[in-house]
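Understanding the architecture of this molecule
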Amino acid sequence: MKVVSSDIVISAVRPAQYPETDLPEFALAGRSNVGKSSFINKMLNRKGLARISSKPGKTQTLNFYLINEILHFVDVPGYGYAKVSKSERAAWGKMIETYITSREQLRAVVLIVDLRHPPTQDDVMMYDFLKHYDIPCIVIATKADKIPRGKWQKYLKVTKETLDLDENDQIVLFSSETGEGKDKAWSILQSFM
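First, a word on scope: everything that follows refers to the structure included in this document.

Basis of the calculations
- Sequence order as written defines residue numbering, which begins from 1 separately in each chain.
- Totals for whole chains, interfaces and linings use all residues, but because this is a predicted model, local features are given only for residues with pLDDT of at least 70 and pairs of side-chain atoms are given and counted only at 80 or more.
- With hydrogens and water set aside, each side-chain value is computed from the structure's full complement of heavy atoms.
- Between Lys or Arg on one side and Asp or Glu on the other, a salt bridge is scored when a side-chain nitrogen of the former is within 4 Å of a carboxyl oxygen of the latter.
- Helix numbers and strand numbers start at the N terminus; a helix is a DSSP run of H or I with at least 4 residues, a strand a run of E with at least 2.
- Exposed residues in this analysis have more than 50% of their type's maximum accessible area, buried residues have under 20%, and partly exposed residues fall in between, with area computed by a 1.4 Å probe over protein chains only.
- Strands are treated as partners if at least two bridges between them are detected by DSSP.
- Here the nonpolar core consists of buried residues drawn from Ala, Val, Leu, Ile, Met, Phe, Trp, Tyr and Cys, with membership extended through side-chain atoms lying within 4.5 Å.
- Contacts are assigned to residue pairs that have any heavy atoms within 4.5 Å of one another.

As for the pattern of salt bridges
Enumeration over the complete set of coordinates arrives at nine salt bridges. Measuring nitrogen to oxygen at the nearest pair gives 4.0 Å for the salt bridge that ties Asp-166 to Lys-131. One end of the pair, Asp-166, is in the loop between helix H4 (152-163) and strand S7 (170-173); the other, Lys-131, is in helix H3 (residues 121-132), and 35 residues separate them in sequence. Lys-131 gets classed as partly exposed once you look at its relative accessible area, which sits at 30%.

What to know about the pairing of strand S4 (residues 71-75)
Of all the five residues making up S4, five are buried; the element is thus mostly covered by neighbouring parts of the structure. Here S4 shows a buried face lined by Leu-71, Phe-73 and Asp-75 and a second buried face lined by His-72 and Val-74. With four bridges joining them, strand S2 (residues 25-30) and S4 adopt parallel strand pairing. Across the sheet, the residue bridging to Ala-27 is Val-74, located in S4. Pairing geometry for strand S3 (residues 62-67) and S4, over five bridges, is antiparallel. Opposite Ile-67, over in S4, you have Leu-71 as the bridge partner. Where S3 hands over to S4, the hairpin turn is made up of three residues, of which Asn-68 adopts a positive phi near 50°.

Here we look at the nonpolar core
Nonpolar side chains in soluble globular proteins tend to be buried together. Leu-62, Tyr-99, Ile-100, Val-109, Leu-111 and Leu-115 are the most contacted members of the largest nonpolar core, which totals 34 residues. Per-element accounting of this core gives the leading share, five residues, to helix H2 (residues 86-102). Apart from residues no more than four positions distant in its own chain, Leu-62 is found in contact with Ile-10, Ser-11, Ala-12, Tyr-18, Val-74, Asp-75, Val-76, Pro-77, Met-95 and Tyr-99. Within the second largest apolar cluster, 25 residues are counted, among which are Phe-26, Ile-40, Phe-73 and Phe-174.

Everything listed here is a matter of geometry and, on its own, says nothing about what the molecule does.
And the structure:
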């Protein structure tokens with residue numbers, strides 16, 4: 001897909017603030033610092049649309065990005081970040097759960113994991129949560145450029161086994177540095193629209 005326009009349209013914390021459109025939406029989930037902002041920027045050909053922070057836990061709202069006037073990316077707060085109070089984490093969890101389980105426009109959740117490391121317990125919990133609610137999931141294994149190409153399949157196998165990946169769910173090797181996996185990710189997203 002050729003992205004010609006993209007903008008953040010709203011940062012929401014409750015359903016009343018969600019955009020009132022029928023456009024398909026894709027939620028982007030992953031632990032703090034996994035590279036969600038880099039993924040968004042690469043997919044949208046925009047350098048600083050999604051703010052990249054060296055401090056994890058920056059995204060504290062549901063950020064809706066309107067793309068080509070035909071779909072939304074919804075960046076949800078990263079999970080697994082310890083420096084946030086338990087009550088704040090619980091509030092984020094509730095906000096994410098409410099959005100994911102009740103939003104009719106949601107077509108799939110893009111679960112972003114770091115290819116270099118086995119998925120964390122939080123990644124597995126998120127994946128299991130999506131499976132429990134029967135929500136389609138696309139796994140993006142990012143930072144592929146940090147691993148020699150010859151070892152990609154070995155690392156992918158670990159990711160699939162750790163998540164106990166459903167054979168119907170797709171996994172994409174991705175690099176926001178090189179653009180590896182970008183076209184494949186777009187074609188999968190479009191298949192859900």
